[in-house]
Amino acid sequence: NYKMRDWVYSRQRYWGEPIPIVHCEKCGAVGVPEDQLPVMLPEVENYEPTGTGESPLANISEWVNTTCPKCGGPGKRETNTMPQWGGSSWYYLRYIDPKNNESLVGKELEKKWMPVDLYVGGAEHATRHLLYARFWHKFLYDIGVVSTIEPFKKLVHVGLIMAEDGRKMSKRWNNVINPDDVIAEFGADAMRLYEMFMGPFTQSVAWSTSGVSGVRRFLEKVWKIQERIMNYESGITNKKIDSLIHKTIKKVTSDIENFRFNTAISQMMICLNALEKEENISMIHYSYFLILLSPFAPHIAEELWEKLGYKDSIFLQSWPVANEKYLQDDEIEMVVQVNGKVRDRLMVAADVNEDGIKEAALKSEKVKLFTSGKEIKKIIFVPGKLINIVVGE
Ligand SMILES: [Zn+2]
């Protein structure tokens, strides 16, 4: 039960789809036949409201006066137009096949593209636009125009950006952030990156101008470290950075898939901080970094990409794939227990064998407190996780 009710569908304004009805004195309201559709808006100089409550179209007599499709006598076009959801409820179908003049959408293309894989909108859409869109779609399904019963596979609601004072942005409270001002001061990339970084995508977050400055500084650092780029051929090998870059590729990739843009950017910041500490940065590492950054800060990424000497746009590059070889940690943490109680944690080389770990565990001062003078009955070893020394009382 969606609690849907009948609602007035006509609007008294110019911008809207004309309602295809002709009023005839003899026949009454007559639907415009399908071969005469769509009824187009007339091109006019003036489309302001009339001031009389009538639609602006009512003043355009050469458009209003027509012939009745039924009896051929004089008729007048309906001058009210459809509300905005007259079009917004099914526009995604026209995106698939925008130049089709024969039907709403071609059958082949509709089958290929529908349903929409991912639909992103504001939470306020849940009670209106989404209901209408589903309602229309189900109607179109019933009459055989579309092949799927639902229009959207997955839905993500973007959180509302609140004002700096935590309230809704409103002229009344004079707390509206104007994107044009932010772009003029910090740049479009900083604005875009900040919006992705400011919080979880689906949650409401308050705007913070100092947050934008922070993101802007991050981009400045990205720009600055290009001075330290060396070609890979020059013999830089850096296991630590290799590992970090590939971990960053992995995290940014999966975070984008899951709409966790804020944590993707955090990871890029961690990566950049490490790169900054290096005397030389390899061309390949920096190139990967720029590709990861490019969806978030497209202008600076493309500019730096060109400065590196690449001829094709960064947006034509393949997305990097994390190499598992670099994702393995060199060291792992082993928990050391004595009689099942955690007594120490040791960092050991990932490839060290059981004997090596036993030896290290027995040497630990913290462990010795609980084992000295006691008989070691057995040692249980769980590879990669823990070692448990069982001693007698
Ligand atoms: Zn008629």
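Not measured: the values here are computed from a predicted model.

(A) Here's a closer look at the sheet that holds strand E12 (residues 341–349). The mixed open sheet is built from 4 strands, whose spatial order is E12-E11-E14-E13. Every other strand in the sheet has two partners, leaving E12 and strand E13 (376–382) as the edge strands with one partner each. Strand after strand, the sheet turns through a mean of 20 degrees between neighbouring axes, direction not considered. Here 6 bridges tie E13 to strand E14 (residues 386–391), and the two strands are oriented antiparallel to one another. Within E14, the residue paired with lysine 378 across the bridge is valine 390.

(B) Broad picture of the domain arrangement of the protein chain. Along its sequence, the protein chain is carved into domain 1 (1–83), domain 2 (85–158), domain 3 (218–326) and domain 4 (331–391). Of note, the centres of domain 2 and domain 4, computed from C-alpha atoms alone, are 61 Å apart.

(C) Main features of the coordination of the zinc ion. Surrounding the zinc ion are the protein donor atoms Cys24 (SG), Cys27 (SG), Cys68 (SG) and Cys71 (SG), at 2.2 to 2.5 Å. For the zinc ion, the 4 donor atoms are set out with angles of 105 to 116 degrees between them, so the coordination reads as tetrahedral. Along the chain, the residues that donate to the zinc ion are spaced as C-x2-C-x40-C-x2-C. Separated by 47 residues along the polypeptide, cysteine 24 in strand E1 (residues 21–24) and cysteine 71 in the loop between strand E3 (65–67) and strand E4 (74–77) bring together distant segments of the chain. With a relative accessible area of 8%, cysteine 24 lands in the buried category. The exposure class assigned to cysteine 71 is partly exposed, which follows from its relative accessible area of 34%.

(D) View of the packing of aromatic side chains. The final tally for this structure, using the stated rule, is 15 aromatic pairs. With a centroid separation of 5.4 Å and an interplanar angle of 65 degrees, the aromatic rings of tyrosine 9 and tryptophan 85 are classed as edge-to-face. Residue tyrosine 9 is found in the segment before E1, and its partner tryptophan 85 is found in helix H2 (residues 85–88); the two are separated by 76 residues along the sequence. Here tyrosine 9 falls in the partly exposed class, since its relative accessible area comes to 27%. The buried category is assigned to tryptophan 85, whose relative accessible area is 12%. Cation over ring: arginine 343 sits above phenylalanine 370, and NZ or CZ is 3.7 Å from the ring centre.

(E) Quick peek at the nonpolar core. In terms of nonpolar packing, the biggest core is built from 51 residues, with Phe218, Val222, Met268, Tyr286, Phe289 and Leu293 touching the most fellow members. Residue assignment for this core shows that the elements contributing at least two residues are helix H6 (179–186), helix H7 (188–197), helix H8 (209–224), helix H9 (239–257), helix H10 (261–276), helix H11 (283–293) and helix H12 (298–307). If we ignore the near neighbours within four places in the chain, the residues touching methionine 268 are Phe218, Thr248, Val252, Phe289, Leu292, Leu293 and Phe296. Core analysis: the next-biggest nonpolar cluster, separate from the first, contains 12 residues, Ile96, Met114, Val116 and Ala133 among them.

(F) Here's a closer look at the pattern of salt bridges. According to the stated counting rule, one finds 14 salt bridges in the structure shown. Sharing partners across several salt bridges, the network here consists of Arg134, Lys138 and Glu150.

(G) Expanded view of the pairing of strand E5 (residues 119–122). Taken together, the 4 bridges between E5 and strand E6 (residues 155–158) define a ladder with parallel strand orientation. Looking at the pairing, glycine 122 lines up with valine 158 of E6. For the segment spanning E5, helix H5 (residues 129–142) and E6, crossover handedness is right-handed.

(H) Representation of the environment of leucine 316 in the model. Along the polypeptide, leucine 316 turns up in the loop between H12 and helix H13 (324–327). A relative accessible area of 66% places leucine 316 in the exposed class. Put simply, leucine 316 and lysine 26 are 290 residues apart on the chain and 63 Å apart in space, counted from C-alpha to C-alpha.

(I) Just the sheet that holds E1, in detail. The sheet built from 4 strands is open, its strands ordered E2-E1-E4-E3 with antiparallel pairing. Where the open sheet ends on each side, the last strands, each with one partner, are strand E2 (28–31) and E3. Across the sheet, the axes of successive neighbouring strands diverge by a mean angle of 45 degrees, strand direction being ignored.

(J) Quick look at H11. Most of H11 sits inside the fold, with 9 of its 11 residues counted as buried. If you check which residues of H11 are buried, you get Met283, His285, Tyr286, Ser287, Phe289, Leu290, Ile291, Leu292 and Leu293.

(K) Fine view of the packing of H10 against H11. For the pair H10 and H11, interaxial distance at closest approach is 12 Å and the crossing angle is 155 degrees. Comparing the axis directions of H10 and H11 gives the class roughly antiparallel. Between H10 and H11 lies a crossing whose hand is left-handed. Packed against H10, whose contacting residues are Met268, Cys271, Leu272 and Leu275, the element H11 presents Phe289, Leu292 and Leu293 at the interface. A breakdown of the residues in the contact of H10 with H11 according to their chemical character gives 7 nonpolar, no polar and no charged.

Quick notes on the rules
Residues numbered from 1 in each chain as written. Predicted model: local features only at pLDDT ≥ 70, side-chain atom pairs only at ≥ 80, totals over all residues. Heavy atoms only, no water. Pairing = 2+ DSSP bridges. Helix = DSSP H or I, 4+ residues; strand = E, 2+ residues; numbered from the N terminus. Axes fitted to C-alpha atoms, helices over the stretch in contact; angles between N-to-C directions. Domains from an automatic or database assignment. Donors = N, O, S within 2.8 Å, 3.2 Å for Na, K, Ca; no water. Tetrahedral: all angles 85-135°; square planar, octahedral: opposite > 155°, others 65-115°. Buried < 20%, exposed > 50% of the residue type's maximum accessible area, 1.4 Å probe, protein only. Phe/Tyr/Trp six-rings, centres within 6.5 Å; stacked < 30°, edge-to-face > 60°. Lys NZ or Arg CZ within 6 Å of the ring centre and 35° of its normal. Core = buried A, V, L, I, M, F, W, Y, C linked by side-chain atoms within 4.5 Å. Contact = heavy atoms within 4.5 Å. Salt bridge = Lys/Arg side-chain N within 4 Å of Asp/Glu carboxyl O. Right-handed = clockwise from strand over helix to strand, strands pointing away. Parallel < 35°, antiparallel > 145°, perpendicular 65-115°, else oblique. Left-handed = near helix turned anticlockwise from the far one by under 90°. Nonpolar A, V, L, I, M, F, W, Y, C, P; charged D, E, K, R; others polar.

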